[in-house]
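Per-entry structural report
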Amino acid sequence: MEEFHKVRRLPPYVFEQVNRLKASARAGGADIIDLGMGNPDLPTPKSIVDKLCEVVQDPRTHRYSSSKGIPGLRRAQAGYYARRFGVKLNPDTQVVATLGSKEGFANMAQAITAPGDVILCPNPTYPIHAFGFLMAGGVIRSLPVEPNDSFFPPLERAIKHSIPKPLALIINYPSNPTAYVATLDFYKDVIAFAKKHDIIVLSDLAYSEIYFDDNSPPPSVLEVPGAIDVCVEFTSMSKTFSMPGWRMGFAVGNERLIAALTRVKSYLDYGAFTPIQVAATHALNGDGSDIAEVRNIYKRRRDVMVDAFGKAGFEVPPPAATMFAWAKIPEKFRHLGSLEFSKLLVEKADVAVAPGIGFGEMGDDYVRLALVENEHRIRQAARSIKKFFSTADDTMHNVISLNTRR
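All of the points below concern the structure found in this document. (Residues numbered from 1 in each chain as written. Predicted model: local features only at pLDDT ≥ 70, side-chain atom pairs only at ≥ 80, totals over all residues. Heavy atoms only, no water.)

What follows deals with the pattern of salt bridges. Per the stated rule, a full pass over the model turns up 20 salt bridges. Where Asp-58 meets Arg-60, a salt bridge forms, and the shortest distance between an N and an O atom there is 2.8 Å. The class of Asp-58 is partly exposed, set by a relative accessible area of 21%. Classification of Arg-60 by relative accessible area gives exposed; the value is 67%. Residues Arg-74 and Asp-92 are paired through a salt bridge, measuring 3.5 Å at the closest nitrogen-oxygen approach. Separated by 18 residues along the polypeptide, Arg-74 in helix α4 (residues 71–85) and Asp-92 in the loop between α4 and β2 (95–98) bring together distant segments of the chain. By relative accessible area, which is 7% here, Arg-74 ends up buried. Overlapping salt bridges, with partners in common, bring together Asp-213, Lys-299, Arg-302 and Asp-303 in one network. (Salt bridge = Lys/Arg side-chain N within 4 Å of Asp/Glu carboxyl O. Buried < 20%, exposed > 50% of the residue type's maximum accessible area, 1.4 Å probe, protein only. Helix = DSSP H or I, 4+ residues; strand = E, 2+ residues; numbered from the N terminus.)

This is the structure:
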């Protein structure tokens, strides 16, 4: 049977190829160290779990919840933005709870996109940024991801040469997968550009609290005066509070855009389970000590990875933020591309990583490494990779021709 129209618009999910190989290896008894999926291994803080257990005892909380988010949760998110960014939000009109930032992005795409609308999107980037709009009938025009002066000339060309004029610009800092961090000055230029050309800005700030090395906390684009006129920002509790399976996030910002998202969501879901929303409220109203501990754990893992992988011959630049490292494939293997290199690491080193091509064609020289294994396992992964590298000349002929090896 012929593929459905929207399914045809989606390329093969490259991560699934690595996942199948990983599952097969595990079924055969291999101990795979998984640095691929950004699935936090840290437990949700006890006080949040305790609050969930307390509230779930009340049968009144077992009924349908609120798609928009219960009032206390929206007030807590507005309070977080006021404390963290100095941004004042109306919890009734400028905040909506989402089932994670991924769902928020996908439903915002459904809310605002007409067939053929042009969306400006970084490349490489988190897949939902592009594919959410592709599924909604939009067209993606790629931009560079680094938040500096090189970002704006391609943006100007896109405005000049796109027909119809672009509807929205997506930004994601700290970036998944590249870990780039934007400055407030960069955001000021982005908002000025958006207002000049009458386009929407959609900001993904899922990693705002995972930053290292005494760097300044990453800013919100909504800190720019007047940004709320054109912007919505998405956040998530998945990484900040180690709550990935709880599926809790937020969209905040421009009232018209938030209203559109809220209306679409009202047709599609009843919101997260009420005890989860209450527990999330408790987390947001906390003193921040849980966040600091998570940040410290990721920093220690990052430092171990940079050191151990470097000694193994796999240079990993230390990310300034996020729970990921974005590493260039060693030159000897770069001609393979990121998907084949990732497969080799599973087959030959029992290590899984995320191929950069899964985040866009501009990522094919890279792999993404997630800090989701403990320090001992990260060192173990480095040793396995070092062993594979040292024997590659003798073993890779079984996998692929090495005519181009140096």
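Picking up where we left off.
A word on the sheet that holds strand β9 (residues 324–328). Reading across the sheet, the three strands line up as β9-β12-β11 and stay open at both edges, with antiparallel pairing between neighbours. Only two strands of the sheet have a single partner each, and these edge strands are β9 and β11 (354–355). Pairing analysis gives five bridges linking β9 to strand β12 (residues 366–370), with the strands arranged antiparallel. Within β12, the residue paired with Phe-324 across the bridge is Ala-370. (Pairing = 2+ DSSP bridges.)

Turning our attention to unusual backbone geometry. Between Asn-123 and Pro-124 the backbone carries a cis peptide bond, its omega angle lying at 10°. A cis amide bond, omega -5°, links Tyr-173 with the succeeding residue Pro-174. Within the secondary structure, Pro-174 sits in the loop between β5 (168–172) and α8 (184–197). Within the chain, Ser-242 stands out as a residue other than glycine whose phi angle is a positive 50°. With respect to the helices, strands and loops of the structure, Ser-242 is situated in the loop between β7 (231–236) and β8 (249–253).

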